[in-house]
Every structure is written in structure tokens, then in C-alpha cells.
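# Residue-level structural notes
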Amino acid sequence: MKVINVNGVFYDSNAYLLDAKRKTLVDAGIDGSRMLKSLPEDLELIILTHCHYDHVAAVPEIVKATGAKVAMHEADVPFIKSRKINCSSMFGSDSPALKVDIVLKDGDEIDLGDQKLRVIHTPGHTPGSICLYEPVSKAMFTGDTVFEEGGFGRTDIGGNPEHMLSSLAMLTRFDVSTLYPGHGNIVAENASEALQTSLKSAKFMLMI
């Protein structure tokens with residue numbers, strides 16, 4: 001799987017362009033103008049790992065320029081317009097005018113033409129947080145569920161500590177070669193061990 005990383009700036013999320021037959025973007029960040037400089041005109045799909053502003057604010061501008069469809073898990077769709085849950089209030093902004101074309105569920109397969117992504121529902125950071133897994137390359141896009149060096153997503157903005165712990169425990173069952181998190185660096189070595197470390201950190205820090 002060829003993945004082009006568009007690193008986030010400050011609070012902006014990372015975004016990942018999947019150079020598949022069906023050009024796909026995982027998360028979009030805040031700055032649409034900056035993102036569009038890195039995106040092809042034939043972008044077909046934007047998959048959002050969750051509803052937070054720093055991952056979705058650029059979507060309307062990207063959709064206007066490319067016509068790409070937008071996919072999000074069903075549990076986060078109701079919070080698109082909730083400034084408290086989608087965190088737009090923290091950025092001093094309104095909720096983005098975001099329309100979801102494809103409502104995702106746990107276990108769905110997203111066909112990119114020459115590869116498929118499995119949708120893994122990982123609530124905890126938000127009710128509808130997801131990870132995406134590509135079984136051939138063993139790549140996993142973790143959004144704000146798992147970060148490098150044992151990091152995991154905060155649970156105090158529409159999240160749930162118990163759900164986070166359950167999600168992390170479930171992720172440790174996957175054979176992963178590379179982790180693509182929503183913030184920070186890509187984990188290209190010992191990715192499965194990184195998942196175990198995040199679970200251990202969560203058990204300690206969340207006191208569950």
C-alpha cells in the first residue's frame with residue numbers, strides 16, 4: 001500500500017492519501033487550502049476516523065474542489081453539528097458544513113479498487129471513532145485512538161475511558177506492521193508491540 005503522509009501543523013491532524021485505484025484520503029485536517037496542494041483532482045473518497053474539528057474542518061473545501069464522497073462511522077454522525085463534542089468550540093469556530101455520504105459500521109469493507117480497508121469501531125475517544133486495517137500490507141490507520149510511544153486518545157471530550165480500554169485491548173489482536181496515527185509520527189517498527197504499550201499505558205492512566 002502506497003501511503004502519502006500530509007503531516008499536521010500545530011493542532012492540525014495528520015492526513016493520509018492512499019494511492020489506490022480509488023484515490024482515498026484518511027482524515028483531512030483543518031486547512032483545506034494547504035491540503036489541496038497535496039491532493040489529486042481525482043480524489044474519490046474521504047474517510048474520517050472521528051468527528052473532531054481538527055480532523056474534519058477541511059472537508060467542505062476539499063469536497064467542493066474534488067467532488068469526493070465522505071465516510072464516517074454512524075455513531076459520530078449525530079455529533080457533526082455539536083460544537084461541544086466535535087471540539088469546534090475549542091478552536092473558536094463553528095461546526096463545519098459537513099455532509100456524510102457513506103455511513104460506516106464495524107466490520108464494513110471499503111473497496112478501493114485494488115485493495116480493501118476493514119472498518120474497526122474503536123469507541124473511547126469519541127463514540128464513533130474508527131481504525132482502518134489493510135490486511136495485505138498490515139497497515140492500520142488509528143486516528144486518535146493510538147499514537148506512538150504508548151499514547152492513546154483523550155477520553156474527556158465526548159469519550160469514555162472504559163470504551164477506550166476495550167478498544168485498545170481489541171486492537172492488540174491484530175497483526176500490524178505500520179501504524180498511521182492521527183497526530184505525531186508514523187510507527188514503522190514494532191507496531192504490534194506499540195499497540196500493547198498503549199494498552200498498558202491506558203490501564204495505568206485510566207485506572208480501570
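Up top is the structure these notes are about.
Computed from a predicted structure; not experimentally measured.

With that out of the way, let us pick up the pattern of salt bridges. Per the stated rule, a full pass over the model turns up eight salt bridges. For Asp19, the salt bridge is made with Lys2, and the minimal N-O distance between the two is 3.8 Å. Of this pair, Asp19 sits in the loop between strand 2 (15-18) and strand 3 (24-26) while Lys2 sits in the segment before strand 1 (3-6), and the two are 17 residues apart along the sequence. Since its relative accessible area comes to 32%, Asp19 is described here as partly exposed. Of the residues examined, Lys2 reaches a relative accessible area of 52% and is grouped as exposed. Note that Arg154 is salt-bridged to Asp156, the shortest N-O span being 2.7 Å.

Before going further, it helps to examine unusual backbone geometry. Non-glycine residue Lys138 carries a positive phi angle of around 60°. One can find Lys138 in the loop between strand 9 (130-134) and strand 10 (139-143). Non-glycine residue Glu149 carries a positive phi angle of around 55°. Inspection of the secondary structure assignment puts Glu149 in the loop between strand 10 and helix 4 (161-171).

Attention now moves to the nonpolar core. For soluble globular proteins, nonpolar side chains are generally found buried alongside one another. Counting 22 residues, the largest nonpolar core has Leu25, Ile46 and Ile62 as the members making the most contacts within it. When contributions to this core are tallied by element, the ones reaching two or more residues are strand 2, helix 3 (59-66) and strand 5 (69-73). If near-sequence neighbours (up to four positions away) are discounted, Leu25 is found in contact with Ala15, Tyr16, Leu17, Met35, Leu39, Leu43, Leu45, Ile46, Ile47 and Ile62. By size, the runner-up hydrophobic cluster in this structure holds 21 residues, among which are Ile120, Met164, Leu179 and Leu195.

What counts, and at which threshold
- Residues numbered from 1 in each chain as written.
- Predicted model: local features only at pLDDT ≥ 70, side-chain atom pairs only at ≥ 80, totals over all residues.
- Heavy atoms only, no water.
- Salt bridge = Lys/Arg side-chain N within 4 Å of Asp/Glu carboxyl O.
- Helix = DSSP H or I, 4+ residues; strand = E, 2+ residues; numbered from the N terminus.
- Buried < 20%, exposed > 50% of the residue type's maximum accessible area, 1.4 Å probe, protein only.
- Core = buried A, V, L, I, M, F, W, Y, C linked by side-chain atoms within 4.5 Å.
- Contact = heavy atoms within 4.5 Å.

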